[in-house]
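The chain contents come next:
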Amino acid sequence: IARVMSLTDAVLDLPVQSKETDSLLAEDTSVASHVKCRKQSPRIWAVAYVCVAAVQGFLILGFAQGFTSPVLSELEDEKKNDISLRRTTYKDCFIISFLVGAAVVAPFGGYLSDYFGRKLSIIFCSVPFAIGWLLIILTLVTDGPAFRPLLYSGRFVVGLAAGWSSVCNIAYPTEVAPQNLRGAFVALNQLALNSGTFLGQIIGVYLPYYWLAVIPLAISVSFAVLSTTIVETPRWLMTQGKQQEAFEVLRWLRGPNYDVYQEIKDIELIVLSQKKLTLPEIIREFKNRSVYYPVMLSLIIMLFVQLCGITAISYHAEDIFRQANIKSPGLTSSCATGGAQVVAAIIGMLLSDVVGRRKLMIVSGIIMCLSHGAMGAYEYLNNKPYCHPPDDPNCKDHLYPLAIASIACFVLSFSAGTLSVAWVVAAELLPLRVRGVAMGLDAFVTWISILLVAGLYNNYEAVMKPWGVFWAFSVMCFCLVVFVAVFIPETKGRSLEDIESSVMKRAQR
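(A) Local environment of the overall build of the chain. If you tally the helices and strands in the chain, you get 25 helices and zero strands. Sorting the 509 residues of the chain into buried and exposed places 59% on the buried side. Within the chain, counting contacts between residues at least 6 apart in sequence, those at least 24 apart form 83% of the total.

In structure tokens form, the structure reads like this:
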């Protein structure tokens, strides 16, 4: 067996791995069988199944975001509700309660994901999702002063689940997908997020909020059941010293006709070079330039992504279109934002592994910058008294298409490019030994940024005026383009281990 394995190494030009992996691969004793298997493509259905089962967390998360705009509109309407959220303070609390919950758990989500494993973390996320939506439904039978605390509590608990899910749901497809399809499978999270947002917005036009909350509650139950059937990621199993189980899982994911020999060795080489770290040791690792350099790159990417203003538009879409005097603002905002995001997510899935992550982010950033500039111009013109006569109600009707086109172009370019690949690139850049904790930091920065942008949007609008806010978003989009062009390497078609090695070399320059 030793002689055959040495011949195999010579044929495939692979480095020698540990004795544990040798014993796992000893059953494939034929060099010819290794070479023959290597020609087979990895099967897709197994990876697709586990990723679709796990991605329901992002579907619920998206529903929670899309739920915001129509519910705020409904609870503001005095004709529909005896107990409303008409005051700006109540509206802000409704939005902020969800975002604070997500921000609280996000920094610890990565550590918990490393401690419990990716699979158990995904299963645990389904519990607070279900509890949070149930609390929101119970507001139907709650009157008086208890209404708002119960509503905010439900939103907060859903936010807790969203913060944890935003970490483990990104790490899972990153670690199970084959490298040539990793971008598409990670972008599946974005498709689920956008689909949930669209469903929340479009159904919210027709259903009261308490019946609307029944849908994500049902999805949470389905999420809990299906997530028990997925496998643990081979990379996490290898970090726990479970080589046998990692080999069996990877063989199931790739199929019996695909030789996992090289992939197992690549994972093991990285794992063996990095000892298992405790939390204090992980914190000390951040003093190492080879760690903090890629972590800082990923954090800055996630910061710029949210400063581009997507959540402000998603959460306040109906208000924005109503202020722009657009007819049927609820339905228009659902189609212009939610529908565009779903279409764009599909485009992003198809392009991320073809065009390349870096190029896609740069092109989408330029379109986003121009779209925000156009929307700012619309708001500026719409608020200026240039009509003759001044009281002509149809004077500014010709500007409506500019507003709808600007928002739709921004959402399409953002979801197809920037957002569909930002989490992919951020996860790919991070070293394996701190990936869980670092992704928790990414999620924390994301949710804090959303809190600052969407939660305080009404304050910015009061100070800067609507056109000033959109022009500020345009500047942030331009900064994102410059940052990606200067600092972010291309990661398309490269293994996680290869990306980690190249980033470490770059950090040492």
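(B) The arrangement of the side chain of threonine 139 in detail. For threonine 139, the location among the structural elements is in the loop between helix H8 (118–138) and helix H9 (147–176). There is a polar contact of 2.5 Å between the side chain of threonine 139 and the backbone oxygen of isoleucine 136. Not counting chain neighbours up to four residues away, the residues in contact with threonine 139 comprise Phe147, Leu150, Leu151 and Tyr209.

(C) Just helix H24 (residues 457–487), in detail. An ideal rise of 1.5 Å per residue puts 45 Å on 31 residues; H24 reaches only 30 Å between its terminal C-alpha atoms. The largest bend in H24 amounts to roughly 105° and is located at methionine 464, with the proline proline 466 lying one to four residues further along.

(D) Expanded view of the packing of aromatic side chains. This model, assessed by the stated rule, comprises 12 aromatic pairs. With a centroid separation of 5.6 Å and an interplanar angle of 85°, the aromatic rings of tyrosine 380 and tryptophan 467 are classed as edge-to-face. Note that tyrosine 380 is positioned in helix H21 (residues 357–382) and tryptophan 467 in helix H24, a separation of 87 residues in sequence. The class of tyrosine 380 is partly exposed, set by a relative accessible area of 34%. Relative accessible area serves as the criterion here: at 17%, tryptophan 467 is assigned to the buried category. With 5.2 Å between their ring centres and 35° between their planes, phenylalanine 483 and phenylalanine 487 make a pair best called tilted.

(E) Highlighting the nonpolar core. Counting 126 residues, the largest nonpolar core has Phe67, Trp133, Ile301 and Trp447 as the members making the most contacts within it. Looking at this core element by element, the count peaks at 14 residues for helix H22 (residues 400–429). With near-sequence residues (within four places) excluded, tryptophan 133 lies in contact with Ile60, Phe63, Ala64, Phe67, Val158, Ala213, Pro216, Leu217 and Ser220. Of all hydrophobic cores here, the second largest spans five residues; its members include Phe247, Leu250, Tyr258 and Val260.

(F) Quick look at the pattern of salt bridges. Within this structure, the stated rule accounts for three salt bridges. A salt bridge links aspartate 114 to arginine 118; its shortest N-O distance comes to 2.7 Å. According to the relative accessible area criterion, aspartate 114 is buried, its value standing at 19%. For arginine 118, a relative accessible area of 2% corresponds to the buried category. Across the pair arginine 118 and glutamate 175 runs a salt bridge whose closest N-O atoms are separated by 2.8 Å. Pair noted here: arginine 118 is in helix H8 and glutamate 175 is in helix H9, with a separation of 57 residues, a long-range link. Overlapping salt bridges, with partners in common, bring together Asp114, Arg118 and Glu175 in one network.

Procedures and definitions
Residues numbered from 1 in each chain as written. Predicted model: local features only at pLDDT ≥ 70, side-chain atom pairs only at ≥ 80, totals over all residues. Heavy atoms only, no water. Helix = DSSP H or I, 4+ residues; strand = E, 2+ residues; numbered from the N terminus. Buried < 20%, exposed > 50% of the residue type's maximum accessible area, 1.4 Å probe, protein only. Contact = heavy atoms within 4.5 Å. Polar contact = N/O pair within 3.5 Å; in protein donor to acceptor, adjacent residues only side chain to side chain. Expected span 1.5 Å × (residues − 1). Bend = angle between axes of the 7 residues up to and from the residue. Phe/Tyr/Trp six-rings, centres within 6.5 Å; stacked < 30°, edge-to-face > 60°. Core = buried A, V, L, I, M, F, W, Y, C linked by side-chain atoms within 4.5 Å. Salt bridge = Lys/Arg side-chain N within 4 Å of Asp/Glu carboxyl O.

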